Amino acid sequence: MSELEVRVGDEVVEPVDGWTVEMVDAGHGLARLTDGRRSVPVLVEGSGSDWVVTLRGRRIPVTVRTWRERLMAEAATAAAAHAGPVTIKATLPGLVVALQVAEGDEVEEGAPLLIIEAMKMQNEVRAPRAGKVIEIAVASGQAVATGAPLLRLE
Amino acid sequence: MSFRTDSPVPSAQPFRRLLVANRGEIAIRVIRACRELGISPIAVHSDADVDALHVRAADRSECIGPAPATESYLSIPSVIEAAQRSGAEAVHPGYGFLSENPEFARAVEAAGLVFVGPPAAALEALGNKVAARRTAEEVGVPVAPGATLGEDDDVAAVERLGFPVMLKAAAGGGGRGMRRVDEAGQLGEAIATARREAQAAFGNGTIYAERLISPARHVEVQLLGDRDGNLAVLGERDCSIQRRHQKLVEESPSPAVDDATRAALFESARRVAVTVDFHNAATVEFLLDADGHHYFLEMNTRLQVEHGVTELVTGLDLVAWQIRVAAGEALPAQVLNPPRHGHAIEVRLYAEDPYDGFRPTAGRVGAWRMPEGPGVRVDAGTEADTDLRPEYDPLLAKLMVHAADRPAAIARLRRALDETLIGGLQTDAGFLRWLVDEPGFAAGDYDTSLVTERWGNGPALTAEEQALVALTAREARVAGPAARAPQARPEEPASAWGRLARREALRR
């Protein structure tokens, strides 16, 4: 599997030479990186091509892909560029405490759409791009789970 | 290495049973104090917390209702009923929830039980921040210039203070409902938001404005009083490292406080406390400006999250003393005037993403490895493979270190953070690990703006970090299914033996 491509964020990264990875607790992804002189504890979680490595407290998403997975991902990205309406989903579970738009409203990118209260905090959900609100799927006072559709923008 | 200044065991058992009206790490903290005092601890839990760590730590637990806090941990009748059902003689409210609610304190006493906290009248007098400000002013304690906002939004009075100003909830505290306003044009919208948050969080939309003190350090003084009127002033804590006006790091002594300032802070704290009939634990919070002048913020009539920092430097068990003074014991001389040893720092581990504005990250904790060893204390409310409840506070654990001086404490904290590994979700550990290497923090030179001004959303990844994580992920993939995420593959007993064997092999 020498042709595995590793990306950290959007960048292709060459894995460091001279270091080895020792799994300490594979069930929880606890591992130890060492170059024979120093060692760093890390956590590695994931499967397939999608991984998250926790280094010094920071969770860093890493994709590890074969050439076949790369081609498929590129095709999927190209298809998404032609996409129409976008559904905005809850990124955390909570309570909808205020709706700041109505169906039919034209909004700018970054405009406040609604407020979700979670863990005692008010979290503003903003428009990822400019568009028209074509559907609102929630009401004020409603509890929502992670991934629940909130509204649709066209 | 932990030392005790006080006699750890009272001559008479204060209570036979005590109800802990809280959850998470603070419930466990109170349960531990009960155990050491020979008191049987009773927990409470909502439907969501049946299997929670604090429930298992107690002798038994009473269900007090459904998951939303308003229907369980904040329900006075449910908690009182649980206390009576369990045969508890006293109730410890922890922090948050009902801890500063005078109505709750009264209900506990009316039920013939002892409330482990200040008298209801003190909670009432100091719970309203506008009234508390006025009281402080009357006894000659400095406050920042301010104005109260009535029903008709007296914007002109706020404008006269001069910008920037800080909007705060009269019934608030803990940083919630606070808004910074830089110019008159933003005032209307900021008032509306602050009111809405205050109404939602405290059921009271009254807010007030204070002229912003900037740069400022947030320094607070720990108090402990008994029913005979003895008051112990147990040192200060510097809590300047905050996000959203909520604390992330606390240390004692404060690197910004010299002996003269400390004496002035202690005197102001004492003056505010004696305006009310006070006993039990409380904290008086101040802002300290660049010239070392202090301004009264509020008095919190309860145990603070960061009480452990004071415990480490004084060698006192504050929770045990809360329970003992509630039972009528007088504070002995060594508690009224304890020695202060070394330096303590606490960092709060939150389920929050410091690389994205400290947004809460609900989810499931996977791996959970906490530091150990000399001078390290961890008060945790969760464990490995646990779902976090979005209904409650995102505090996972408090990591505290104690050492002979501040540089040694920072070195110890760095070591302890390197031992800490939390899987499944982003925590603020990345920020904390950055902080211990930050030159300003190391020099003690920081103020409440550190997170915004110096951290922002964190530094970019270095090339070395990228290459290291790239290697780790590639090797994990190549290693195959053995390195899957815990959620994806429940463990069979067989693999535990395999892991043990591997660990044994590594030890050689």
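Cut-offs and rules
Residues numbered from 1 in each chain as written. Chains lettered and ligands numbered in written order. Predicted model: local features only at pLDDT ≥ 70, side-chain atom pairs only at ≥ 80, totals over all residues. Helix = DSSP H or I, 4+ residues; strand = E, 2+ residues; numbered from the N terminus. Buried ≥ 20, exposed ≤ 12 C-beta atoms within 10 Å, placed from the backbone. Contact = placed C-beta atoms within 7 Å. Rg over C-alpha atoms; globule rule 2.2 N^0.38 Å. Nonpolar A, V, L, I, M, F, W, Y, C, P; charged D, E, K, R; others polar. Pairing = 2+ DSSP bridges. pLDDT = per-residue confidence, 0-100. Core = buried A, V, L, I, M, F, W, Y, C linked by C-beta atoms within 7 Å. Axes fitted to C-alpha atoms, helices over the stretch in contact; angles between N-to-C directions. Parallel < 35°, antiparallel > 145°, perpendicular 65-115°, else oblique.

Caption draft 1: Representation of the overall build of chain B in the model. The helix and strand inventory of chain B stands at 18 helices and 23 strands. Seen through its C-alpha atoms, chain B measures out along the principal axes to roughly 70 × 55 × 45 Å. Scored against the burial criterion, the 508 residues of chain B give a buried share of 53%. Counted over contacts in chain B with a minimum sequence separation of 6, partners at least 24 positions apart contribute 66%.

Caption draft 2: Inspection of the overall build of chain A at higher detail. On a plain count of helices and strands, chain A comes out with one helix and 15 strands. Taking 154 residues into account, the globule formula puts the C-alpha radius of gyration at 15 Å, and chain A, at 21 Å, lies well above it. On the principal axes, the C-alpha backbone points of chain A span a range of 60 × 40 × 25 Å. Going through the 154 residues of chain A one by one, you find that 33% of them count as buried.

Caption draft 3: Geometry of the interface of chain B and chain A. The partner chain A presents 50 residues to the 50 residues of chain B that form the contact. If you list the elements that add at least two residues to the side of chain B that touches chain A, you get helix H8 (184–202), helix H13 (406–419), helix H14 (429–435), helix H17 (463–479) and helix H18 (493–507) of chain B. Per-class residue counts for the side of chain B that touches chain A are 28 nonpolar, eight polar and 14 charged.

Caption draft 4: Layout of the sheet that holds strand E15 (residues 149–153) of chain A. Read from one edge of the open sheet, four strands run E8-E15-E13-E10 (chain A), paired in antiparallel fashion. Where the open sheet ends on each side, the last strands, each with one partner, are strand E8 (86–89) and strand E10 (106–107) of chain A.

Caption draft 5: Focus on the pairing of strand E22 (residues 395–403) of chain B. Residue and element names in this part refer to chain B. Burial within E22 is extensive, with nine of its nine residues counted as buried. Sheet analysis places strand E15 (residues 343–350) next to E22, joined by eight bridges and oriented antiparallel. Bridging across to E22, isoleucine 345 finds its partner in valine 401. Note that strand E20 (residues 376–380) and E22 share five bridges and pair antiparallel. By the bridge assignment for E22, valine 376 is matched with valine 401.

Caption draft 6: Here's a closer look at the confidence of the model for chain B. All names here are of chain B. Overall, the predicted model of chain B reaches an average pLDDT of 91, with 92% of residues at or above 70. Note on residues 483–508: pLDDT is under 50 here. Beyond four places in sequence and across chains, it has 26 contacts. Confidence estimates for the predicted assembly give a pTM of 0.87 and an ipTM of 0.87.

Caption draft 7: Structural detail: the nonpolar core. Counting 85 residues, the largest nonpolar core has Leu18(B), Leu19(B), Val20(B), Val91(B), Leu223(B), Phe286(B) and Ile323(B) as its most contacted members. Counting residues per element, this core draws most heavily on helix H1 (residues 24–37) of chain B, which supplies eight residues. Residues contacting Leu223(B), with those up to four places away along its chain left out, are Leu231(B), Ala232(B), Val233(B), Leu234(B), Ala269(B), Ala273(B), Ala281(B), Ala282(B), Thr283(B) and Val284(B). Listed in part, the 82 residues of the second largest apolar core include Leu92(A), Met119(A), Ala344(B) and Ala476(B).

Caption draft 8: Quick peek at helix H10 (residues 307–314) of chain B. Residues and elements named next belong to chain B. Of all eight residues in H10, eight are buried; the element is thus mostly enclosed. His307, Gly308, Val309, Thr310, Glu311, Leu312, Val313 and Thr314 are the residues of H10 that are buried. Glycine 315 sits one or two residues past H10 and shows a positive phi near 75°.

Caption draft 9: Local environment of helix H5 (residues 120–127) of chain B. All names here are of chain B. Burial analysis of H5 places six of its eight residues in the buried class, which makes it a mostly covered element. Within the sequence span of H5, burial applies to Ala120, Ala122, Leu123, Ala125, Leu126 and Gly127. At its buried positions, H5 is contacted by helix H4 (102–110), helix H6 (129–138) and strand E14 (294–300).

Caption draft 10: Examining the sheet that holds E14(B) more closely. Residue and element names in this part refer to chain B. Ordered by their spatial adjacency, eight strands build an open sheet running E14-E13-E10-E11-E12-E15-E22-E20, and the pairing between neighbours is antiparallel. Bordering the open sheet on either side are E14 and E20, each of which pairs with just one other strand. Each neighbouring strand pair of the sheet contributes to a mean axis angle of 25°, computed without reference to strand direction. Of the strands in this sheet, strand E10 (216–225) and strand E13 (280–289) touch helix H11 (residues 318–326), which is tilted by about 130° from E13.

Caption draft 11: Examining the packing of H4(B) against H5(B) more closely. Residue and element names in this part refer to chain B. Two numbers describe how H4 lies on H5: the axes approach to 8 Å, and their chain directions differ by 175°. Put simply, H4 runs roughly antiparallel to H5. Across from Pro102, Ala105 and Arg106 in H4, the residues of H5 making contact are Ala120, Leu123, Glu124 and Gly127. Within the contact of H4 with H5, the residues separate by chemical class into four nonpolar, one polar and two charged.

Caption draft 12: Looking closely at unusual backbone geometry. A cis geometry characterises the amide bond from Ser214(B) onward to Pro215(B), with omega recorded as 0°. In this fold, Pro215(B) is placed in the loop between strand E9 (207–211) and E10. Between Ser252(B) and Pro253(B) the backbone carries a cis peptide bond, its omega angle lying at -5°. Structurally, the position occupied by Pro253(B) is in the loop between strand E12 (246–252) and helix H9 (259–273). If you check the backbone angles, Arg56(A) has positive phi at about 45° while not being a glycine. The residue Arg56(A) is located in the loop between strand E6 (50–55) and strand E7 (58–65) in this model.

Caption draft 13: The arrangement of the environment of Ala198(B) in detail. Residue and element names in this part refer to chain B. Checked against the element boundaries, alanine 198 lands in helix H8. We classify alanine 198 as buried; it has 23 C-beta atoms within 10 Å. For alanine 198, the contacting residues outside a window of four places in its chain are Ala169, Ala171, Gly172, Gly177, Asn204, Gly205 and Ile207.

Caption draft 14: The arrangement of the environment of Pro360(B) in detail. With respect to the secondary-structure elements, Pro360(B) resides in strand E17 (residues 359–360). Taking the number of C-beta atoms within 10 Å as the measure of exposure, Pro360(B) has 24 and is therefore buried. Discounting residues that sit within four places of it in the chain, Pro360(B) has contacts with Leu92(A), Ala118(A), Met119(A), Met121(A), Ala351(B), Glu352(B) and Pro394(B).

Caption draft 15: Expanded view of the environment of Pro15(A). Mapping Pro15(A) onto the fold places it in the loop between strand E2 (11–12) and strand E3 (20–25). Sequence-wise, Pro15(A) and Glu124(A) are 109 residues apart; in three dimensions their C-alpha atoms are separated by 38 Å. Residues contacting Pro15(A), with those up to four places away along its chain left out, are Val6(A), Ala467(B), Ala470(B), Leu471(B) and Arg474(B).

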